[in-house]
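Observations on chain architecture
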Amino acid sequence: MKVDDILATARDSITVRRVYAEPIERDGTTVIPAAKISGGGGGGAGTDEEGKEGSGGGFGIGAKPVGAYVLENGRVHWRPAIDANRLMLVIGAVVIVAIAAGVRLAKWPTAD
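Throughout this document, residue positions are counted from 1 along each chain, in the order its sequence is written. Restriction of local features to residues with pLDDT of at least 70 applies here, the model being predicted, together with a cutoff of 80 or more for giving and counting side-chain atom pairs; totals for whole chains, interfaces and linings are based on all residues. Side-chain measures here rest on the full set of heavy atoms in the structure, leaving out hydrogens and waters.

**Digging into the sheet that holds strand β3 (residues 53-72)**
Each pair of strands is called paired provided DSSP finds at least two bridges between the two strands. What counts as a helix is a DSSP run of H or I of at least four residues, what counts as a strand is a run of E of at least two, and both are numbered from the N terminus. In spatial order, the strands read β1-β2-β3-β4; together these four strands make up an open sheet with antiparallel pairing. Since the sheet does not close on itself, it has two edges, and those belong to β1 (24-26) and β4 (75-80), each with one partner. When strand polarity is set aside, the average angle formed by the axes of neighbouring strands in this sheet is 25°. Two elements, β3 and β4, share six bridges in a ladder whose sense is antiparallel. Looking at the pairing, Val70 lines up with His77 of β4. In this description, a line fitted to the C-alpha atoms serves as the axis of each element, helices being fitted only across the stretch in contact, and the angle between N-to-C directions of two axes falls anywhere from 0 to 180 degrees.

**Considering the pairing of strand β2 (residues 29-47)**
Pairing of β1 with β2, which is carried by three bridges, proceeds in the antiparallel orientation. Residue pairing for β2: Ile24 is matched across the bridge by Val31. Following β1, the chain reverses through two residues before pairing antiparallel with β2; Asp27 in that reversal takes a positive phi of roughly 50°. Pairing analysis gives 19 bridges linking β2 to β3, with the strands arranged antiparallel.

**Structural notes on a nonpolar patch on the surface**
A residue counts toward a patch only above 30% relative accessible area and without a salt bridge, and it is joined to like-charged neighbours within 9 Å or, for Val, Leu, Ile, Met, Phe, Trp and Tyr, to nonpolar neighbours within 5 Å. Accessible areas in this description were obtained via Shrake-Rupley with a 1.4 Å probe; residue shielding takes into account the shown protein chains only. Any carboxyl oxygen of Asp or Glu within 4 Å of a side-chain nitrogen of Lys or Arg constitutes a salt bridge here. Together, Ile82, Leu87, Met88, Ile91, Val95, Ile99 and Val103 make up an exposed nonpolar region whose accessible area comes to about 680 Å². By the element assignment, Val95 lies in helix α3 (residues 84-107).

Following this line, the structure appears as structure tokens:
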């Protein structure tokens, strides 16, 4: 795949449809899911000692849900998505820091 083809594929991949899904309507309520999109790519070309040329590249894209817009009774509300993995990671880190601080404080010399 040539670099121009990779760029064309990347350009086609990054659209508003990747961020906002199709609206879902039920019982007078409309939900529009939203996501955070990130991506990256790279490419290169070169010649070896024998004069042979080569090129290559790649592109990757990722999406993560961040929430949804909820339209109900003529009002719009934002409902954030909860990332349970990140929440558990933060709670775990806080617990580890608290334990480490408790151990250091327990070993702290006191003035008698």
